[in-house]
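Structural characterization, general
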Amino acid sequence: MTDSSTNMRLKLPITCLILEIILIILFGTLVEYDYDTDAARFNSDRNGSQHDPMQNEFYYRYPSFQDVHVMIFIGFGFLMTFLQRYGFSSVGFNFLIAAFALQWATLMQGFLHGLHHGKVEIGVLSMINADFCTGSVLISFGAVLGKTSPVQLLVMAMFEVTLFAVNEHILVGILGTRDAGGSMTIHTFGAYFGLMVTRILYRPNLHKSKHKNSSVYHSDLFAMIGTIYLWMFWPSFNSAITEHGDAQHRTALNTYYSLAACTVSTYALSALTAHDGKLDMVHIQNAALAGGVAAGTAGEMMLTPYGSMIVGFLAGIISVLGFKYLSPILEEKLKIQDTCGVHNLHGMPGILGAIVGVVTTAVVSRNVYGEGLINVYPEVEREERDLHFQAGIQAASLAITLGIALLGGLIVGFILKLPVFGAPRDTECFEDSIYWEVPGEEPSHDNQLTVVKTEESEKLSCSTHPRED
Amino acid sequence: MTDSSTNMRLKLPITCLILEIILIILFGTLVEYDYDTDAARFNSDRNGSQHDPMQNEFYYRYPSFQDVHVMIFIGFGFLMTFLQRYGFSSVGFNFLIAAFALQWATLMQGFLHGLHHGKVEIGVLSMINADFCTGSVLISFGAVLGKTSPVQLLVMAMFEVTLFAVNEHILVGILGTRDAGGSMTIHTFGAYFGLMVTRILYRPNLHKSKHKNSSVYHSDLFAMIGTIYLWMFWPSFNSAITEHGDAQHRTALNTYYSLAACTVSTYALSALTAHDGKLDMVHIQNAALAGGVAAGTAGEMMLTPYGSMIVGFLAGIISVLGFKYLSPILEEKLKIQDTCGVHNLHGMPGILGAIVGVVTTAVVSRNVYGEGLINVYPEVEREERDLHFQAGIQAASLAITLGIALLGGLIVGFILKLPVFGAPRDTECFEDSIYWEVPGEEPSHDNQLTVVKTEESEKLSCSTHPRED
Amino acid sequence: MTDSSTNMRLKLPITCLILEIILIILFGTLVEYDYDTDAARFNSDRNGSQHDPMQNEFYYRYPSFQDVHVMIFIGFGFLMTFLQRYGFSSVGFNFLIAAFALQWATLMQGFLHGLHHGKVEIGVLSMINADFCTGSVLISFGAVLGKTSPVQLLVMAMFEVTLFAVNEHILVGILGTRDAGGSMTIHTFGAYFGLMVTRILYRPNLHKSKHKNSSVYHSDLFAMIGTIYLWMFWPSFNSAITEHGDAQHRTALNTYYSLAACTVSTYALSALTAHDGKLDMVHIQNAALAGGVAAGTAGEMMLTPYGSMIVGFLAGIISVLGFKYLSPILEEKLKIQDTCGVHNLHGMPGILGAIVGVVTTAVVSRNVYGEGLINVYPEVEREERDLHFQAGIQAASLAITLGIALLGGLIVGFILKLPVFGAPRDTECFEDSIYWEVPGEEPSHDNQLTVVKTEESEKLSCSTHPRED
């Protein structure tokens, strides 16, 4: 099992230590507390009459942040444990690349979103944004799951975070695109970036590991932990960085109903299309979440509750159909080996979400927002543009995102092909034991009671053998 | 394994799609954002001096909502995974019927609790109430677990949500009953409704599936995830819809101590009554939660911390004794096959909670509440009734709840007997593979290392055979 | 398997019931609601102009409390399920002793931290402090895991909670030590107390249970649930009782970056030191958390983000090296059998955290805090001492904590040796079946489909046997 090329004894430590030391140096020179986390600045008007600690951003956003945090580390981590022999890597590599990416994202987003006196200022809002960027990397991880070394993943994370921040800055910073829940910036970007990377890393002989590219009973239950946490906290995800008050509240509500409708249509389509009328866990684990993705752009808008439900309903249908009919085609014809089916959960629903954002922006009149318009469309409120122009911006943003994601994935895919990064061989994919010390499957039984039991079952097992022979 | 009656290829999709389309139409015609989720209304006084976004209901209730949400989807879902071969259905059907029920509950509760200009207004408070109603359906699901098809469950959910809303409206809307944590409206109602349904669906030959109606080692650990989440977040459940300020705070605190005391008495009684002095996982998974149920009515009252502990202490004792001595009697004599023992976790502790509410209301003087009386007993504060009358109302509410639950369960039980709904046969209960595509139990081993290991264990296993023969 | 000494039929119920009844009596005579949970007091100025329910402590702290609660019950509980046959006990005993300890801690901390008119006043702050104290007991539980009966654990919890409250009162109450996240009071105390207890309970023949003192594949995945929850919510843990506003915010942020850096250095060191360059789950499950422990004292200080990252980076390195090189030495030379390696996760990183607190206090000037100084160093702000004196106090506090922990552990260890408490025999350690009714490992298969499958595998299994013989 020892293989010098996949051996991580030096590659992984060197990569990790160098990256972390660079991060610490850059943080030391460039990062400082923002107004709400700095003791002197936040308390500078303590003797004034307006000082209320409850107005610290912490109390508006920290519960949402923690929900997002759970989605990133438990949600994505356990969602990918469905593979029978890749649970350690799914949770463990998710953990490693997320811990790295959130630090790197703090810097990249800080540089691009505007320095304050030459410094990146951080607080709960930057923590949420760093987690969001990390989420995008983890979506791409889902596409290449089981076929990459941890060093490859760290390198991918480094480049993807950078490109994510560039794309996000073009959309949110320059164009004034609205995308609070990241249908475009997070889901579409992460999915198509990852799909292009996995296309470049195409393995014609992956069938040699095919028997391990599936679930067992308990691995599917572990994956459901991930699914359910993602599902429950998606309202927090989409509302985490929207404006205070009604905007956060409405976004959470819209996402809640979108997800509920999506779950019902997912079950319908799964039973309709799956073998023998039986439900398929792959659909439930993934497609039921598409309603959250698809509400990522329009969730903060006056989408109406039934509008949200229509969006979720469609997202579930599209996603199941994608798993059933499109994924096999992508693999056979386009050579895209998408382990987790991120195209069906993040790709298509992300595009749907972007389109819903365009339509909602174009269709809902500004009177509907009243004085609250500034929270959703500040440029429109300031008369810098009208809602139809904003809708055009939203549409252009989708195209830009797809372009940067695909081009970025192309380049990064070729970088990851360098043999030095220690990718597993075709026969060793979807297998923890290349990178982890793996214990056995079964507990050792040797106390008296269980020995007796085992002997009985042996008797039973082998004494039936002659009858069969 | 294919059986036309249980085959869900058409039944489940048709049911799901029709229900969801009806929901979308009704939401489109009847539901709108409330004051705190509507951009125009919440910001209408934005230029006034009093506008503080922190006063949006979102910040008072959203963290509690998310905790309740976790209880509904992870708590109930995983609590029921204790069955060895029913984990997919436990989590998966829980997911489906909850996603449907919360939408239907939004409508039913909205109709009955008062329309605003002919519209149902929704926000975080209605989301919590919808989750509460869903919780009641999931309690009933626990009674029939393993013996029903997903279509039966959806039909049950539709009727139960409606009856729940009727009962809740009679109690809270008309009578002015206090029941913030739902000892009566949620737990007693859900338990006795479900018990009556399972009584009507009595299967004399259920023993044919008996070997699957039990746990294995890892399924019990998955179930503990559900238990612990329910236990931890019960303080949020009971306090989620109480009044702002001290009422929410006190309810959480009372529930915390009730649960702690309940856990200690559960362990005591489990060791005392279980076989050979050993602890029984069924007791720990369930009875330790009874303290939360029993604090559902009086939790917001000035129950005192030690009062809460006495309530929890008694609830744990009653619940373990119920599992040990009462459940077998209910099954044998009354033909009530209660898979999860909801009578012991929700039924009896719910009644206990209702009684504690009566006593606390009658015993604690209004002086104890001071100016805070209006938050707990608004009718008493407005001099419309005195505390003894309120106590009488509380007692009558328990009787009404039991009546509606039992009568409703009777009728719905007979509806569910229609063969068209695809119930499993007696030999196929507690078995995922009727409704799900189920993978194997064990990972496939065929990389070199593990093959060697397997050969060794074969040698070991079979070479001991001759010695035994 | 029946053994009168370890049989819990009477020992456990009697212990539990007596303790709980004592608790209820003491709560009844000594405990009352605090200002924010009492209906009359909190609403006493309801008609005044300043009354804002959002100023109730509940809204500042309850989300943090729930995160801490998850760490105590899910985090610690599942972290210890890594043992192959001790999952029931890990989660279950964690549940029992935590439920007891948080009640007892409420009393002990209340007595020592100051009675109000002879009463212990409770609210969300006391609930968090009770959970913190419970955390310390659970750390000690990690040291003795698998080698103690539940009665021993309850006795240990009773004494440890008391000593914890004494130590905490000396530090925080008398000396004015800053230790919001408990590097000293919680982690150092819990670890060295537990290490001394396990030293006194040394079992020379523990190797007889050695084969069960290890993990299997799925038990390691359950443990990762614990790890990830502890990791995610540690920012809430360290910030839960810091001052409102910037202090809570900054502490959460510092902890977030400390943990991220720690995770990266943990992976680096694990690959560098583990067998064959492969990652070791023990390191990932534990050492990646050391960054939270080490930020427990200085987290609320102006540690700076990069300072936090350096602390986490070092903590991860120290912790992995401890698991790899120090733990075997402690076991062989000092006879300290530390099941979970709490010395590496809580002991050394706790000391590191205390030292970081000393250095940060001494080095960062008071100008950096401005008007916010009072939130972090109230005695310094009131000119009662300067920052160098405060640094000295911090250093002395570490020594005091170590002294009380080691002496307390020594005494309690000898108490726990009394045979009446029912410790398991050396051959029965790390085994659930002594104290729990344990179901089988494998589901029973006897529906048609699976029987066929089983027969095939029997054929396969046994027909290879002749070829091997």
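Just so it is clear, the structure is predicted and the values come from calculations on it, not from any experiment.

Regarding the overall build of chain A
Scanning chain A from N- to C-terminus turns up 17 helices and two strands. Computed over its C-alpha atoms, the radius of gyration of chain A comes to 24 Å, within 12% of the 23 Å expected for a compact globule of 469 residues. For chain A, the C-alpha atoms occupy an extent of roughly 85 × 50 × 45 Å along the three principal directions. Expressed as a percentage of its 469 residues, the buried residues of chain A come to 68%. Pairs at least 24 apart in sequence give 82% of the contacts found in chain A among residues at least 6 apart. About 14,100 Å² of surface is accessible on chain A, with carbon and sulfur atoms providing 63% of the total. If the 27 positive side-chain charges of chain A are averaged to one point and the 43 negative ones to another, these points end up 8 Å apart.

Re the packing of aromatic side chains
Throughout the structure, instances matching the rule amount to 81 aromatic pairs over all chains. Relative to phenylalanine 42 of chain B, the ring of tyrosine 35 of chain B lies with its centre 5.8 Å away and its plane at 75°, an arrangement referred to as edge-to-face. Its relative accessible area of 6% is what places phenylalanine 42 of chain B among the buried residues. Measuring from ring centre to ring centre gives 5.9 Å for phenylalanine 93 of chain C and tyrosine 435 of chain C, while their planes differ by 65°; the resulting arrangement is edge-to-face. In this pair, phenylalanine 93 of chain C sits in helix α4 (residues 87-112) while tyrosine 435 of chain C sits in the loop between α16 (387-416) and α17 (448-468), placing the two residues 342 residues apart along the sequence. Neither phenylalanine 93 of chain C nor tyrosine 435 of chain C differs from the other in exposure class; each is buried. Following the ring pairs from residue to residue traces out a cluster consisting of Phe73, Phe88, Phe93, Phe95, Tyr435 and Trp436 of chain A together with Tyr217, Trp231 and Tyr267 of chain C.

What to know about the relation of the copies chain A and chain C
Superposition of chain A onto chain C requires a rotation of 120° combined with a translation of 0.0 Å along the rotation axis, giving an RMSD of 0.0 Å. The two molecules are tied by a three-fold rotation axis, judged by turn and shift. When the interface residues of chain A are mapped onto chain C, a mere 16% of them again fall at the interface, so the copies present different faces.

Details of the packing of helix α12 (residues 305-333) of chain C against helix α13 (residues 342-363) of chain C
Residues and elements named next belong to chain C. Two numbers describe how α12 lies on α13: the axes approach to 8 Å, and their chain directions differ by 135°. By the angle class used here, α12 and α13 are oblique. Judged by the twist between their axes, the crossing of α12 over α13 is right-handed. Residues Val311, Leu314, Ala315, Ile318, Ser319, Gly322, Phe323, Leu326, Ser327 and Leu330 of α12 lie in contact with α13, whose contacting residues are His343, Asn344, Leu345, Met348, Leu352 and Val356. Of the residues that constitute the contact of α12 with α13, the class distribution is 11 nonpolar, five polar and no charged.

Description of a nonpolar patch on the surface
Nonpolar side chains collect at one region of the surface, where Leu10, Ile14, Ile18 and Ile22 of chain A together with Leu272 of chain C lie side by side and expose about 440 Å² of accessible area between them. Among the elements that make up the nonpolar patch, the one with the highest residue count is helix α1 (residues 11-30) of chain A (three residues). Along the chain, the position of leucine 272 of chain C falls in helix α9 (residues 246-273).

Here we look at the interface of chain B and chain C
When the parts of a complex come together, some accessible area is lost, and that lost area is often used as the size of the interface. Taken together, the 86 residues of chain B in the interface contact 94 residues of chain C. Buried surface at the junction of chain B and chain C, summed over both partners, amounts to about 7,700 Å²; 68% is from carbon and sulfur atoms. It is Tyr217, His249 and Tyr256 of chain B in chain B that bury the most area against chain C; as a group they hold 11% of the surface buried on that side. The interface formed by chain B and chain C holds zero salt bridges in total. By residue number, the principal contributor to the side of chain B that touches chain C is helix α9 (residues 246-273) of chain B, which donates 19 residues. Tallied by class, residues from the side of chain B that touches chain C come to 45 nonpolar, 25 polar and 16 charged.

Let's talk about the nonpolar core
Counting residues in each nonpolar core, the largest one holds 445 residues, and the members touching the most others are Ile225 and Tyr229 of chain A, Ile225 and Tyr229 of chain B together with Ile225 and Tyr229 of chain C. Contact partners of isoleucine 225 of chain A, with chain neighbours within four places excluded, come to Ile74 and Phe78 of chain A, Ile74, Phe78, Phe222 and Ile225 of chain B together with Ile225 of chain C.

Concerning the interface of chain A and chain C
Tallying the contact residues gives 94 residues for chain A and 86 residues for chain C. Interface of chain A and chain C: buried area, both sides summed, is about 7,700 Å²; carbon and sulfur atoms make up 69% of it. The largest per-residue losses of area from chain A upon contact with chain C belong to Tyr33, Phe95 and Glu437 of chain A, which jointly make up 10% of the total buried on that side. Linking chain A with chain C are zero salt bridges. Summed over the shared surface of chain A and chain C, the number is 31 residue pairs in polar contact (both at pLDDT 80 or more). Elements with a minimum of two residues in the side of chain A that touches chain C: α1, β1 (31-33), α2 (39-42), α3 (57-79), α4 (87-112), α5 (124-144), α8 (217-239) and α17 (448-468) of chain A. For the side of chain A that touches chain C, the residue count by class is 51 nonpolar, 27 polar and 16 charged.

Structural notes on the pattern of salt bridges
A complete count under the given rule lists 30 salt bridges over all chains for this structure. When the shortest N-O distance is used, the salt bridge between arginine 425 of chain A and glutamate 428 of chain A registers 2.6 Å. In this structure, aspartate 246 of chain B and arginine 250 of chain B form a salt bridge, with 3.0 Å as the shortest nitrogen-oxygen distance. Taken together, the residues span about one helical turn, with aspartate 246 of chain B and arginine 250 of chain B both in helix α9 at a distance of four residues. In terms of burial, aspartate 246 of chain B and arginine 250 of chain B fall into one category: buried. Connected through shared salt-bridge partners, Arg85, Lys212 and Glu431 of chain A make up one network.

Concerning the relation of the copies chain B and chain C
Superposing chain B onto chain C takes a rotation of 120° plus a shift of 0.0 Å along the axis, which leaves an RMSD of 0.0 Å. Take the interface residues of chain B: only 17% of them recur as interface residues in chain C, which is what a contact between different surfaces looks like.

A look at the confidence of the model for chain A
For chain A, per-residue confidence averages 92 on the pLDDT scale, and 92% of positions sit at 70 or higher. Per the prediction output, this complex has pTM 0.94; the corresponding ipTM is 0.93.

A few points about the environment of leucine 153 of chain A
Residue and element names in this part refer to chain A. Among the secondary structure elements, leucine 153 is positioned in helix α6 (residues 150-175). Remark: the alpha-carbon pair of leucine 153 and leucine 30, spanning 123 residues in sequence, is separated by 26 Å. In contact with leucine 153, other than residues within four places in its own chain, are Phe93, Ile97, Phe141, Val144 and Thr148.

Considering helix α6 (residues 150-175) of chain C
Residue and element names in this part refer to chain C. Along its 26 residues, α6 runs 35 Å from first to last C-alpha, staying within 8% of the 38 Å computed at 1.5 Å per residue. Roughly 30° is the biggest bend found in α6, and it falls at histidine 169. Glycine 176 occupies a position one or two residues after α6 and carries a positive phi of about 70°.

What to know about unusual backbone geometry
In the Ramachandran plot, phenylalanine 430 of chain A falls in the positive-phi region, its phi being about 55° despite a non-glycine side chain. Tracing the sequence through the fold places phenylalanine 430 of chain A in the loop between α16 (387-416) and α17. One non-glycine residue, threonine 304 of chain B, lies in the positive phi region at around 70°. If you trace the backbone, threonine 304 of chain B turns up in the loop between α11 (290-294) and α12 (305-334).

Basis of the calculations
- Residues numbered from 1 in each chain as written.
- Chains lettered and ligands numbered in written order.
- Predicted model: local features only at pLDDT ≥ 70, side-chain atom pairs only at ≥ 80, totals over all residues.
- Heavy atoms only, no water.
- Helix = DSSP H or I, 4+ residues; strand = E, 2+ residues; numbered from the N terminus.
- Rg over C-alpha atoms; globule rule 2.2 N^0.38 Å.
- Buried < 20%, exposed > 50% of the residue type's maximum accessible area, 1.4 Å probe, protein only.
- Contact = heavy atoms within 4.5 Å.
- Areas by Shrake-Rupley, 256 points an atom, 1.4 Å probe, with all protein chains shown as cover.
- Lys, Arg positive; Asp, Glu negative; His and termini not counted.
- Charge placed at Lys NZ, Arg CZ, Asp CG, Glu CD.
- Phe/Tyr/Trp six-rings, centres within 6.5 Å; stacked < 30°, edge-to-face > 60°.
- Least-squares fit on C-alpha atoms with pLDDT ≥ 70 in both.
- Axes fitted to C-alpha atoms, helices over the stretch in contact; angles between N-to-C directions.
- Parallel < 35°, antiparallel > 145°, perpendicular 65-115°, else oblique.
- Left-handed = near helix turned anticlockwise from the far one by under 90°.
- Nonpolar A, V, L, I, M, F, W, Y, C, P; charged D, E, K, R; others polar.
- Patch = residues over 30% accessible without salt bridge, like charges linked within 9 Å, V, L, I, M, F, W, Y side chains within 5 Å.
- Salt bridge = Lys/Arg side-chain N within 4 Å of Asp/Glu carboxyl O.
- Buried area = accessible area lost by both parts, 1.4 Å probe.
- Core = buried A, V, L, I, M, F, W, Y, C linked by side-chain atoms within 4.5 Å.
- Polar contact = N/O pair within 3.5 Å; in protein donor to acceptor, adjacent residues only side chain to side chain.
- pLDDT = per-residue confidence, 0-100.
- Expected span 1.5 Å × (residues − 1).
- Bend = angle between axes of the 7 residues up to and from the residue.

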